[in-house]
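Commentary on secondary and tertiary structure
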Amino acid sequence: MNTKTLLGSEALLEALINEGVDTIFGYPGGQAIPIYDALYDCKDRLNHILVRHEQGATHAAEGYARVSGRVGVTLVTSGPGVANTITGIADAMMDSTPIVVIAGQVPAALLGTDAFQEVDVIGVTQAITKWAYQVRDADEIAGAVAKAFYIASTGRPGPVVLDITKNAQITHTEYQPVKIDHIRSYIPVPDMEEELIAEAARLINGAQKPLALVGQGVILGGAESELIDFLRKADIPAASTMLGLSALPSDEPLNMGMLGMHGNVAPNMKTNECDVLIAIGMRFDDRVTGDLNTYAKQAKIIHLDVDPSEINKNVKVAVSVMGDVKTTLPAIAQLLQPNEHKSWIEEFREIYRNEKAVVIDNEISPSSGELTMGEVVHRVSEATGHKAVLVTDVGQNQMMAVRYFKYSRTRSVITSGGAGTMGYGLPAAIGAKFGAPDRRVCLFVGDGGLQMTIQELGTVMQSGVDVKIILLNNEYLGMVRQWQELFWKERYSETQMQNPDFIRIASAYNIPGRLVTRREELDAAIDEMLSTAGAYLLEARVAHKGMVYPMVPAGTSVTNIILG
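One numbering rule holds for all chains: residues counted from 1, following each sequence as written. This being a predicted model, a pLDDT of at least 70 is required before a residue's local features are given, and a value of 80 or more before pairs of side-chain atoms are given or counted; all residues contribute to the totals for chains, interfaces and linings. The basis for every side-chain value is the complete set of non-hydrogen atoms in the structure, without hydrogens or water.

1. A short note on the pattern of salt bridges
Convention followed: The salt bridge definition used is simple: a Lys or Arg side-chain nitrogen within 4 Å of an Asp or Glu carboxyl oxygen. We count a stretch as a helix when DSSP gives it H or I for four or more residues in a row; a strand needs E for two or more, and each element gets its number in order from the N terminus. Throughout, exposure labels follow a simple rule: accessible area from a 1.4 Å probe, protein chains only, divided by the maximum for the residue type, with under 20% read as buried, over 50% as exposed, and the rest as partly exposed.
The full count for this structure, using the stated rule, is 28 salt bridges. With its nearest N and O atoms 2.8 Å apart, the salt bridge here joins Glu 375 to Arg 519. Residue Glu 375 is found in helix α16 (residues 373–383), and its partner Arg 519 is found in helix α23 (residues 519–531); the two are separated by 144 residues along the sequence. Residue Arg 519 is classed as buried on the basis of its relative accessible area, which comes to 14%. Of the charged contacts in the structure, one is a salt bridge between Arg 518 and Glu 521, with a shortest N-O distance of 3.8 Å.

Below, the structure written as structure tokens:
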């Protein structure tokens, strides 16, 4: 293979292009200047998006990765630059999001001297990455990049950090492309065991009340069609974790809704009534299980996952099926007998009808009073034909958005799950639009979360990215306020927000917007937002003390559900 003599910085960019990278989210600084200088000559091959804060770069890379299925890339400088990425790296680790964070570093000769803007990047990030590696020689760059992308994207995806010293960037190397498809001792996908496949099928065939729990692993494994075939063959009702939403279309008859603290009532109730529980690519997070001492004790549990560390970590299982769900699901389905569970499924639907009457209708179609978050979400979803990519921040806006937005395509929910990172939404929406330029991207964000990364409106302005921002403004840190109301005697300590004029701020960034305070204005405002070319901010002033129901209080049984 032909080699080229390149500077390390140039070799880095060639290696990224060799991995199929087309977009980088970054912010320059002293120890990354050589890379940015090389980027100057690569503008026709690499699209660099200048963010306004390095945390925004990581969340944008996450949004890009989550919607596209490709690895997101962030480029920052040393010291405070890379330190500002820590929140995003941790978020990506919790949510199995493949990103590669590339950081400039002080010259190798200065390492360990507390040089200007030196941070021990490897020491700081090892616990929150799949792999963190420091490149000290230009000759290492091509191999390190190839290894980074292989690790980030295979098995259970996650973040990788490459820390590249200044001397490695400015010295020459004989560059040639590197392809890695194997690393000794790294087993991204465990072998499938036929006897466990057979045992799982045997349990499902004998079940009278089966229930499938669908996690993000189905989406990460590209197994959406295999999931539907599996469920339909044995007539198994299914519910999704928050990150698993959109693996099944909202209108799929076997889709019973969302699990968890603010999920639908029926899946939570029936978790403690089913006789066989089939967990597919999910990790039994505490927000889904509630009190583990009372969780699904009556059920035989089958767990399908690619990560052995998740098996029996929180919930003891009867059968563990390791492997890629795109392979294991059809292997089990092949052994299933066609079945029907009409009366069992009707029990879910009866509970849903009650939830709809008591909670849902009052939230999405109130007859009077202040605007609600749920009705804004519902009407935007309707206006987009349920085809948009939903991006959320964290808090009440997040729970209302995932509950009342509807999905017709996979990879349509971009949200911070495990870490619950406020400030995630705006930069993630920017990244999502670059990852899926042909899809409409709708961000729902609260007044608290927006102000954590509001500077990324500058990124929207400079890049011209078309994101529709729906601000659900209740002038509170709403989810904390809800907990204070329910569990802390209404002692609203430091949760009320005095906010700026968001429409004027957006205008300063050349982003048009509109404020809605009355229900009668909502539809016209949504139409205006969707018909406006480019970014738009729709601010909806919603009920100050709205509540997200249903709710399973933290640490209690999943059947301990508050309806309002």
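2. With respect to the sheet that holds strand β10 (residues 238–240)
This is how the line gets drawn: For two strands to be treated as a pair, DSSP must find at least two bridges joining them. Orientation is described by axes fitted as lines to C-alpha atoms, over the contacting stretch for helices, and by angles from 0 to 180 degrees between their N-to-C directions. Only heavy atoms matter for contacts: two residues are in contact if any of them lie within 4.5 Å across the pair.
The strand order β11-β10-β9-β12-β13-β14 describes an open sheet built from six strands, whose pairing is parallel. On the outer flanks of this sheet lie β11 (255–258) and β14 (319–322), each paired with one strand and no other. Within the sheet, the average angular offset between the axes of one strand and its neighbour, ignoring direction, is 20 degrees. Two elements, strand β9 (residues 210–214) and strand β12 (residues 276–280), share five bridges in a ladder whose sense is parallel. Following the sheet pairing, Leu 213 is matched in β12 by Ala 279. On top of the sheet, helix α11 (residues 224–234) reaches β9, β10 and β12; it is set at about 170 degrees to β12, its chief contact.

3. Examining helix α17 (residues 396–404)
Across the nine residues of α17, nine count as buried, placing the element largely inside the fold. Buried within α17 are the following residues: Gln 396, Asn 397, Gln 398, Met 399, Met 400, Ala 401, Val 402, Arg 403 and Tyr 404.

4. Here's the deal with the packing of helix α1 (residues 8–18) against helix α7 (residues 141–153)
Applicable threshold: Definitions for this section: a left-handed crossing has its near helix turned counterclockwise from the far helix by less than a right angle. A right-handed crossing has that turn clockwise. Ten residue types, Ala, Val, Leu, Ile, Met, Phe, Trp, Tyr, Cys and Pro, are classed as nonpolar, four, Asp, Glu, Lys and Arg, as charged, and the remainder, Gly among them, as polar.
At a closest axis distance of 9 Å, the pairing of α1 and α7 adopts a crossing angle of 30 degrees. In the packing of α1 onto α7, the handedness of the crossing is right-handed. Contact with α1, carried on its side by Gly 8, Ala 11, Leu 12, Ala 15 and Leu 16, involves Ile 141, Ala 142, Val 145 and Phe 149 of α7 and no other residues of that element. Across the contact of α1 with α7, the residue classes break down as eight nonpolar, one polar and no charged.

5. Considering the environment of Glu 118
Under the convention used in this document: Two N or O atoms count as a polar contact when they lie within 3.5 Å, although within protein this holds only if one can serve as hydrogen donor and the other as acceptor, and sequence-adjacent residues are included solely when both atoms are side-chain atoms.
In this structure, Glu 118 sits in the loop between β5 (99–105) and α6 (121–125). Along the primary structure Glu 118 and Gly 79 are separated by 39 residues, whereas in three dimensions their C-alpha atoms are 5.0 Å apart. Not counting the four nearest positions on each side in its chain, Glu 118 is found in contact with Gln 105, Val 106, Leu 110, Leu 111, Gly 112 and Thr 113. At a separation of 2.6 Å, a polar atom in the side chain of Glu 118 contacts the main-chain amide nitrogen of Gly 112.

6. Remarks on the nonpolar core
In plain terms, the rule: Nonpolar core, defined: a set of buried Ala, Val, Leu, Ile, Met, Phe, Trp, Tyr and Cys residues in which side-chain atoms within 4.5 Å join the residues together.
Grouped together as the largest cluster of nonpolar side chains are 58 residues, with contacts concentrated most on Ile 204, Phe 230, Leu 277, Ile 278, Ile 302 and Ile 332. Setting aside residues up to four positions removed in sequence, Phe 230 forms contacts with Ile 204, Ile 236, Ile 278, Ile 280, Leu 329, Ile 332, Ala 333 and Leu 336. In this structure, Met 242, Cys 442, Met 479 and Leu 522 belong to the second largest nonpolar core, which totals 41 residues.

7. As for the packing of α11 against helix α14 (residues 325–334)
Between two packed helices, the angle of one axis relative to the other and the distance separating the axes together describe the packing. Heads up, the condition is: Oblique is the label for any angle not covered by the other classes, which are roughly parallel (under 35 degrees), roughly antiparallel (over 145) and roughly perpendicular (65 to 115).
α14 packs onto α11 with a crossing angle of 20 degrees between their chain directions and a minimal axis gap of 9 Å. Overall, the two elements α11 and α14 adopt an arrangement that is roughly parallel. Handedness of the α11/α14 crossing: left-handed. Packed against α11, whose contacting residues are Glu 226, Leu 227, Phe 230 and Lys 233, the element α14 presents Lys 326, Leu 329, Pro 330, Ile 332, Ala 333 and Gln 334 at the interface.

8. A short note on the side chain of Asn 264
Within the secondary structure layout, Asn 264 lies in the loop between β11 and α12 (265–271). Reaching out from Asn 264, the side chain makes a polar contact with the side chain of Glu 355 at a distance of 3.1 Å. When residues no more than four places from it in sequence are discounted, the contact partners of Asn 264 are Met 256, Gly 257, Met 258, Tyr 352, Glu 355 and Arg 403.

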